[in-house]
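Each chain is listed here by its residues.
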Amino acid sequence: MAEHDIGSNKHNEAIAKALKQVSAHGTDLIDGDSAAREKLIASARELVAVAETPVETLLWNIWAPPTRSVALRIAVDLKVFETAVQDDGRPKSDAEFATPTAASPILVKRITRVCASMHMLEEKSSGLYAPNALTRLLARPEYTGSWDCAQPSFAHMPTYLKNTQFKNPQNPTDGPFQYGQKYPGHGFGWLTDHPDVFQAFHHYAYTLRKHRPNWVEMYPVHDRHISGPRENDSSVLVDIGGGTGQILQDFRKSTPEYAGRLVLQEVPEVIAVAQGMELDKSTNIELQVHDFFTPQPIKGARAYFMRSVLHDWADEQCRVILGHLRDAMEPGYSRILINDCVLADEHAAWQHISLDIFMMALASAQERTESEWHALIDSCGLKIAGIYNKGEGNEGMIEVILE
Ligand SMILES: C[S@@+](CC[C@H](N)C(=O)[O-])C[C@H]1O[C@@H](n2cnc3c(N)ncnc32)[C@H](O)[C@@H]1O
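Position numbers for residues count from 1 along each chain, tracking the sequence in the order it is written. With pLDDT at 70 or above as the cut-off, local features in this predicted model cover only qualifying residues; side-chain atom pairs require 80 or more to be listed or tallied, and sums for whole chains, interfaces and linings still use all residues. Note: side-chain values were computed over all heavy atoms of the structure, leaving out hydrogens and water.

1. Things to note about the domain arrangement of the chain
No. 1: What marks off one domain from the next here is an automatic or database domain assignment. We note that the domain assignment places domain 1 (9–52), domain 2 (56–139) and domain 3 (203–402) within the chain.
No. 2: Placing the centre of domain 2 and that of domain 3 at their C-alpha centroids yields a distance of 37 Å.

Here it is as structure tokens:
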């Protein structure tokens, strides 16, 4: 956001400085430094912020993000992206996009042009659109899950917070989600009551992570989990709240030298879905119904793994979950592995900051900074042995041992 008069020397200097950054990171990337790509994106955003006037930035914020978000969601229901990729991506007209749902072509036109202006479709000529790489991603079913869960909470969050005198939401059954969705129970209950969203949500959680660094890439799995501290180690890796089992399946496939047991623990509804998805039998994953608010039935496992689980809960509930794991751990052997965001204390990544508000909207929960993780883990009589990260804005790995 331009702090100086447009066209003034100061404004021009600020633009020149931001441009220089864009140019430097762009050159590094072209020269083969792949880590420069994220810096390039950040500096390009900075350049836009410097070049825009405050009113332009304000209008963009008020108009563009909500329009983009709602147009995207409607376009999914209209099957715009699915249609766009058909026939080898031949450019199509609004009349063709309207056909699958018998929608009004005028309505479709109003949606497709938003999609094109926000790079979700490529506008070839007036009213004629072709798919791009983003269209192909959006043509898949999983990306609606997060929208359907969160949007009502987002829309009603300002009123909810005002009504509750701006208290930090921490009650998982009485927060912005319940207020927005007019639902009396926990968000996970709402999900199981909405099977389509439930399916989409689990696909989304899984697909999302396929595009981000895998825990195996950032954590010294071989040292900690395969080469044994014992002869004939009967190791167990338990994935707690592990969704539909793909994390364990991927682990078995990527780490064939691991000979131990793999156990997926989930609520009954998710175990039923996992059974229906028929995990690859050769990966030999044991499915176990388990409520992580009750004592952990597998004692002395080598690792208790949780991905995107603790960020669903406020500290009070996390202490119960972690307490049951602490009680099941074998000193000097068992570890808890937490695969979650570790927010920087300063200049936190936009992905972490946004997910923090998502978690408030969905579960009255939060993402945590490194010092907040330490405080939480210490308060359970446990200790962080190490934090592993790969790339800003991605989830990290927190290794926890008994004190
Ligand atoms: C955000 S999802 C993460 C799923 C998976 N770990 C992943 O990263 O894709 C959180 C999971 O916790 C599970 N969960 C919620 N409450 C639970 C409970 N009381 N006991 C066990 N699992 C639970 C949910 O069913 C859900 O699959």
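2. Re the UniProt feature "domain: O-methyltransferase C-terminal" (unreviewed entry) in the chain
No. 1: Within this structure's numbering, the places UniProt gives as "domain: O-methyltransferase C-terminal" (unreviewed entry) are residues 235–381.
No. 2: Note on conventions: DSSP H or I runs of at least 4 residues are helices, E runs of at least 2 residues are strands, and numbering of each starts at the N terminus. Secondary structure within residues 235–381 divides into 38% helix and 21% strand; the distance between the first and last C-alpha atoms comes to 24 Å. UniProt positions are given in the numbering used here, feature names are shortened, and annotations may be inferred rather than shown by experiment.

3. A few points about the site of the ligand
No. 1: Definition of nearness: a residue and a molecule or strand are near each other if at least one heavy atom of the residue lies within 4 Å of the molecule or strand. Near the ligand you find 18 residues, and of these Gly241, Glu266, Asp291, Phe292 and Arg307 are the closest.
No. 2: N or O atoms closer than or at 3.5 Å make up a polar contact, with two conditions inside protein: a donor-capable atom paired with an acceptor-capable one, and, for residues adjacent in sequence, both atoms drawn from side chains. Within the contact set of the ligand, an oxygen atom lies 2.6 Å away from a side-chain nitrogen or oxygen of glutamate 266.
No. 3: In the model, a nitrogen atom of the ligand is placed 3.4 Å from a nitrogen or oxygen of the histidine 290 main chain.
No. 4: Coverage of the ligand by the protein amounts to 93% of the 590 Å² it exposes when considered alone. Every accessible area reported is derived by Shrake-Rupley at a probe size of 1.4 Å, with residue values counting cover from the shown protein chains alone.

4. A few points about the layout of surface pockets
No. 1: Residues are called lining when one of their atoms sits within 4 Å of a cavity or pocket point, these points coming from a 1 Å grid over the protein atoms alone, where a cavity is a set in which a 1.4 Å probe fits but cannot get out and a pocket is an open set with protein on both sides within 12 Å along at least five of seven lines. Grid points are joined across faces, edges and corners, and a volume is the space filled by probe spheres set on the points. Roughly 310 Å³ of internal volume is contained in the second largest pocket.
No. 2: Taken together, 20 residues line the second largest pocket, and the ones lying closest to its centre are Val76, Pro141, Glu142, Thr144 and Ala200.
No. 3: Elements supplying a minimum of two residues to the lining of the second largest pocket: helix H3 (54–77), helix H4 (80–89), helix H8 (145–163) and helix H11 (195–210).
No. 4: With five residues, H11 is the single largest residue contributor to the lining of the second largest pocket.
No. 5: Residues are grouped as follows: Ala, Val, Leu, Ile, Met, Phe, Trp, Tyr, Cys and Pro are nonpolar; Asp, Glu, Lys and Arg are charged; every other residue, Gly included, is polar. Residue composition of the lining of the second largest pocket, grouped by class: eight nonpolar, four polar and eight charged.

5. So, the packing of aromatic side chains
No. 1: Stacked, edge-to-face and tilted are the three classes for Phe, Tyr and Trp ring pairs, Trp counted by its six-membered ring, which pair at centre distances within 6.5 Å; planes under 30 degrees apart are stacked, over 60 edge-to-face, the rest tilted. Evaluation of the coordinates by the stated rule reveals 14 aromatic pairs.
No. 2: Judged by centre distance (6.3 Å) and plane angle (40°), the rings of phenylalanine 188 and tryptophan 313 are tilted. Pair noted here: phenylalanine 188 is in helix H10 (residues 187–193) and tryptophan 313 is in the loop between strand S7 (303–307) and helix H16 (315–328), with a separation of 125 residues, a long-range link.
No. 3: Overall, phenylalanine 188 belongs to the partly exposed group, its relative accessible area being 37%.
No. 4: Note on exposure labels: buried denotes an accessible area under 20% of the residue type's maximum, exposed denotes more than 50%, and partly exposed covers the range between, all computed with a 1.4 Å probe on protein chains only. Given a relative accessible area of 7%, tryptophan 313 falls into the buried group.
No. 5: Where tyrosine 219 meets tyrosine 388, the ring centres are 5.4 Å apart and the plane angle is 90°; that geometry is what we call edge-to-face.

6. Here's the deal with the UniProt feature "domain: O-methyltransferase dimerisation" (unreviewed entry) in the chain
No. 1: The UniProt feature table records "domain: O-methyltransferase dimerisation" (unreviewed entry) at residues 69–139.
No. 2: Along residues 69–139, the helical share is 61% and the strand share 13%, with 15 Å between the first and last C-alpha atoms.

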